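Structure at a glance
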Amino acid sequence: MRLNDDTLAQAADTLRAWALDEELKERVLANPAGVAMSARVAQRYTAGSEAESAVETVRANALRGHLGSIECAGESVRSAEVAASETAEFVRLAGLIGDSELDSTVSFDLSHIGSVVDAQLGLRNALELAAAAQAAGTYLMISAEGSDRTDLVLDLYERVSDAFPSTGITLQARLHRSRADLERVMARPGPVRLVKGAFLEAADVAYPRDAEPMTAAYLEMATLLVKAGHRVNLATHDAGLVASLQAHLGEALKGEHVEFEMLQGLGTELLDSLHRAGYATREYVVYGPQWWLYVLNRMAEHPERAIQALADLRG
């Protein structure tokens, strides 16, 4: 049996829907057998359960010439108490990065530290984390979330950026609104991480993933950032898109304000080849037990990875 493009697209949408299904996540992670099985799948995409293991992964990646970014996986926290404990973990992570003297940023979802409980709570926790990152000699990279949270994310980003201008933000090229959002964030000095966008979105909100309009939007936004001299992380594992960026922008991609960024374990050979060719490169490392959304979205990007997940269950 051969899987056609429509079947793969439907499988990807199913995985993205599961990624956002908090009830399903709770059921799976409440079952010891489910935890054990799913953890074996997750280990392909994460650096383990503790911040120390993520720091050591970044240290190993640095030997290959890559900068780092570390995230404690998690999102959509619904409790102020949990948000406080997760913020404390990020503060601890920032301290470990500072102690390691590695060049690594701290990445996170605002909903992980309380923004959907209360926007002011999310802001207070983000400011605490930004201060810890600055004390450690680094800065924050705020991740993108679903389009229903984009206004909240951008509003809080701007308020954090008022106090900590080096704070970075992530934009999703496939969202129709992102071209206008780019002008908004380019008014601030922090880096922009440009991604395709991995979330399940309606057709009136986002271009289909890997469709020509999405690729065109990515290239347009990347070109504006690079030519303006604005700090940008071109975050993609798509070799074809990387080649298009090189064709459009040439040696400008080797400017000090440009980095290529990829997720740990995905696009490894491509990132290594970019480093050897003289481009600045950064590898994004994830750790922690709340990996559900992250791992399912990685699988959704290439649904064939579900077959690999079945193989991983054999141990």
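Residues numbered from 1 in each chain as written. Predicted model: local features only at pLDDT ≥ 70, side-chain atom pairs only at ≥ 80, totals over all residues. Heavy atoms only, no water.

**Details of the sheet that holds strand E3 (residues 140-142)**
Across a sheet, strands are paired by hydrogen bonds formed along the backbone, either parallel or antiparallel in direction. Going by this rule: Following DSSP output, two strands are said to pair if at least two bridges run between them. Strands here are runs of E lasting at least two residues and helices are runs of H or I lasting at least four, both read from the DSSP assignment and numbered beginning at the N terminus. Here an angle of 0 to 180 degrees is reported between the N-to-C directions of two axes, which are lines fitted to C-alpha atoms, with helices fitted over the stretch in contact. When checking whether two residues touch, look at their non-hydrogen atoms; a contact exists if any pair is within 4.5 Å.
The strand order around the closed barrel built from 8 strands is E1-E2-E3-E4-E5-E6-E7-E8, with neighbouring strands paired in parallel fashion. On average, each strand axis in the sheet is inclined to that of its neighbour by 25°, with strand direction left out of account. When strand E4 (residues 168-172) meets strand E5 (residues 192-195), the two strands line up parallel, connected through 4 bridges. Counted as the bridge partner of Gln 172 is Val 195 from E5. On top of the sheet, helix H8 (residues 178-185) reaches E4 and E5; it is set at about 165° to E4, its chief contact.

**A few points about the nonpolar core**
The nonpolar side chains of soluble globular proteins are, as a tendency, buried together. What counts here: Nine residue types can take part in a nonpolar core, namely buried Ala, Val, Leu, Ile, Met, Phe, Trp, Tyr and Cys, and a core is a set of them joined through side-chain atoms within 4.5 Å. Here the term buried applies to any residue with accessible area under 20% of the maximum for its type, exposed to any over 50%, and partly exposed to those in between, with areas from a 1.4 Å probe on protein chains only.
Core analysis: the largest hydrophobic core is formed by 59 residues, its most contacted members being Leu 234, Leu 245, Leu 253 and Phe 260. With sequence-adjacent residues up to four places away left out, Leu 253 is seen in contact with Val 226, Leu 234, Leu 245, Gln 246, Val 258, Phe 260 and Tyr 279.

**Let's talk about unusual backbone geometry**
In the Ramachandran plot, Ser 76 falls in the positive-phi region, its phi being about 55° despite a non-glycine side chain. Counting through the fold element by element, Ser 76 comes out in the loop between strand E1 (67-72) and helix H5 (80-100). Here Ser 76 falls in the buried class, since its relative accessible area comes to 11%. Unlike most non-glycine residues, Asp 210 shows phi in positive territory, near 65°. Asp 210 gets classed as partly exposed once you look at its relative accessible area, which sits at 46%.

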